[in-house]
Amino acid sequence: MKVLLVAACLLAVASAQVESSMVPGARRGTFLNGIQQMLINATATFYPDGENMMQTIKLAVMTARNDLCKINNRQEVNNPQDHNSIILGKTCKKAFVKLYNEEPDRCGGVFCDVLTDFEIKTKESLTRLISAEYDSDFFDIIEESFINPIMEYSCRCSGKMMDAWMGCKERIGDADIWSDILLNFGGFDTAAEYLGGRDWKDYWVDLVANRVPWEDIETMLERSMANLCQRNTDIRRGDVKCYSYLFDTIIAHVNDHMNSIGFLPAERMGDSISRVPGVPAHCTQYSNIDSGSEGHCSEFSDCHTTILESMHSVFEKFCVESCKDYYQEKFMGCCTASLILDEALNTSITNVANEIKEIYVELFPENESAAEAIRASFSKSHQHELEFMRNPTCVDSDISYDVTPCTEGDMNMEDEDPCAGLSGKAVRKCKKTQKTNCSGLSGKQLKICKRKAKKGGQ
């Protein structure tokens, strides 16, 4: 959601004010109405006549689709799957064709599926978002149309797709796109200073294949999926995945943040983001957040506090006794614990951020100071949040939180300690939970859990 808000802000600056017959579904003055105005401008830019996508984008999508949809096109005669790929090259195309031919997932067909959906469904999705009357409807559309299908695919296929890429990326330079399209039509400076005298194609192929931190990205993806795709075992029945819990957590935080800085919500009669049933109002209002020069925000540009910065205010509420139950349920469930206690995941995130910063500085040396400031700020904030959430410590009270990972992920194997990184009451509560909570497990995980519980009782 942080990304969506930033993108919306950038879109407001970049998009021209194009006349459009589309009207926001949310009432005037609400934050949602402002977002919808931005989406209307974007829609008018991408669909100049109201129906057809602008020609440059349509041509690019058509070119990519004609090339990549050969992966999905298996015929007995003149098999397109055997044809070369301008974008992927022969080796990588062959790897993804192999994945596509593996039933039932057909993971390698994602390129064609995404491009086809983009061409056919983008206008429909934008129209639905613009027409939403209420915040809850808007977020439901995002979850239904984007989050769920993306995550369902990623849980099945992201690991297989990454394996295929890691096995073929060394031959990505064989693809014709480098010389036939990018070099001839991309307008790139083939004598740029950052090339250091190297051939343009050689430099970029080496960067893409070898210098992008793919091993850390692979670890980050693998660990993210392991945590996000597991069942939320805080819920005893059903098969609710952790990505659904974390999406709801983000929305709760966004609502609390918007309420605190004075954005007017788009609510149904009787609903209120400022009044969560059974939760004191002060638990979801952050008093130390800058809400603009007049104390309220009627437009997105009036407020400059980011969702990330408001986490400091959230942590203060963790230490209010009457708010503990709300934050334990909404923010500190087992899905959150799984993510923040995953050392491999968080190390890979830091490594990727550092490596990408180095590549960026090489390409744009004039921005080195700004890039380093952003990296340092991210690193400091990321580490601070991890340290607090792994072991929430309240100086003036004995409030503590249960920071125990879900019991059906892969963090509870014998060679890993799900309570690592905790201390004090938090670690005692976690270990107690590990000793007693084997409900809902089966097979190997149940045996491991019972064996640990037995050892703990000796």
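Heads up: the structure comes first, above all this text.
One numbering rule holds for all chains: residues counted from 1, following each sequence as written. In keeping with the predicted nature of the model, local features appear solely for residues at pLDDT of at least 70, side-chain atom pairs appear and are counted solely at 80 or more, and the whole-chain, interface and lining totals rest on all residues. Note: side-chain values were computed over all heavy atoms of the structure, leaving out hydrogens and water.

For an α-helix the count is 3.6 residues per turn, leaving residues at separations of three or four pointing the same way. Relative to the 30 Å expected for 21 residues at 1.5 Å per residue, helix H14 (residues 343-363) spans 31 Å between its end C-alpha atoms, a close match to the ideal helical length. Among all positions in H14, only Leu345, Asn346, Ser348, Val352, Lys357, Ile359, Val361 and Leu363 are buried. Contacts are residue-level and defined by heavy atoms, with any inter-residue pair within 4.5 Å sufficient. Secondary structure is summarised from DSSP: a helix means a run of H or I of at least four residues, a strand means a run of E of at least two, and numbering begins at the N terminus for each. Here the buried face of H14 lies against helix H8 (200-211), helix H9 (214-228), helix H13 (334-340) and helix H15 (368-390). The backbone nitrogen of Ala344 has a side-chain oxygen 3.3 Å away, supplied by the residue at the start of H14, namely Asp342. An expected span of 1.5 Å times one less than the residue number is assigned to each helix. Here the term buried applies to any residue with accessible area under 20% of the maximum for its type, exposed to any over 50%, and partly exposed to those in between, with areas from a 1.4 Å probe on protein chains only. Pairing of N or O atoms within 3.5 Å defines a polar contact, subject to two protein rules: one partner must be a possible hydrogen donor and the other a possible acceptor, and residues neighboring in sequence count only if both atoms are side-chain atoms.

Axis separation between H8 and H14 bottoms out at 12 Å; the angle between their running directions is 170°. Relative to H14, the element H8 is oriented roughly antiparallel. Packed against H8, whose contacting residues are Tyr203, Trp204, Leu207 and Arg211, the element H14 presents Ile359, Glu362 and Leu363 at the interface. Residues are grouped as follows: Ala, Val, Leu, Ile, Met, Phe, Trp, Tyr, Cys and Pro are nonpolar; Asp, Glu, Lys and Arg are charged; every other residue, Gly included, is polar. The residue inventory of the contact of H8 with H14, partitioned by class, reads five nonpolar, no polar and two charged. The convention used is that axes are lines fitted to C-alpha atoms, helices contributing only their stretch in contact, and that angles between N-to-C directions extend from 0 to 180 degrees. Roughly parallel means an angle under 35 degrees; roughly antiparallel, over 145; roughly perpendicular, 65 to 115; everything else is oblique.

Contact pair H9 / H14: the axes reach a minimum separation of 8 Å and the direction vectors enclose 140°. Once H9 is placed against H14, the crossing between them reads as left-handed. Within the contact between the two elements, H9 uses Asp216, Ile217, Thr219, Met220, Arg223, Ser224 and Asn227 and H14 uses Ala344, Leu345, Ser348, Ile349, Asn351 and Val352. Per-class residue counts for the contact of H9 with H14 are six nonpolar, five polar and two charged. For any helix crossing, the convention is left-handed if the near helix is rotated counterclockwise from the far helix by under a right angle, and right-handed if that rotation is clockwise.

This part takes up the state of the cysteines. Here, two cysteine sulfur atoms that lie within 2.5 Å of each other are counted as a disulfide. Counted by the stated rule, this structure contains eight disulfides. Through a disulfide, Cys155 is tied to Cys229; the S-S separation comes to 2.0 Å. Taking the sign of the S-S torsion, -90° for the link of Cys155 and Cys229, the bridge is left-handed. Taken as a pair, Cys155 in helix H6 (residues 135-168) and Cys229 in the loop between H9 and helix H10 (242-261) lie far apart in primary sequence, 74 residues in all. We classify Cys155 as partly exposed; its relative accessible area is 32%.

Only centres within 6.5 Å qualify two rings of Phe, Tyr or Trp (six-membered ring in Trp) as a pair; their planes then separate them into stacked at under 30 degrees, edge-to-face at over 60, and tilted for everything else. With the rule as written, the count across this model stands at 18 aromatic pairs. Relative to Tyr203, the ring of Tyr194 lies with its centre 5.1 Å away and its plane at 55°, an arrangement referred to as tilted. The exposure class assigned to Tyr203 is buried, which follows from its relative accessible area of 3%. Every member of this aromatic cluster is reached through a ring pair, and the members are Phe315, Phe318, Tyr326, Tyr327, Phe331, Phe388 and Tyr401. If you follow Arg106 out to its NZ or CZ, it ends over the ring of Tyr100, 4.8 Å from the centre. Criterion for a charge above a ring: Arg CZ or Lys NZ at most 6 Å from the ring centre, at most 35 degrees from the ring normal. Taking the ring centre of Tyr401 as reference, the NZ or CZ of Lys324 above it sits at 5.3 Å.

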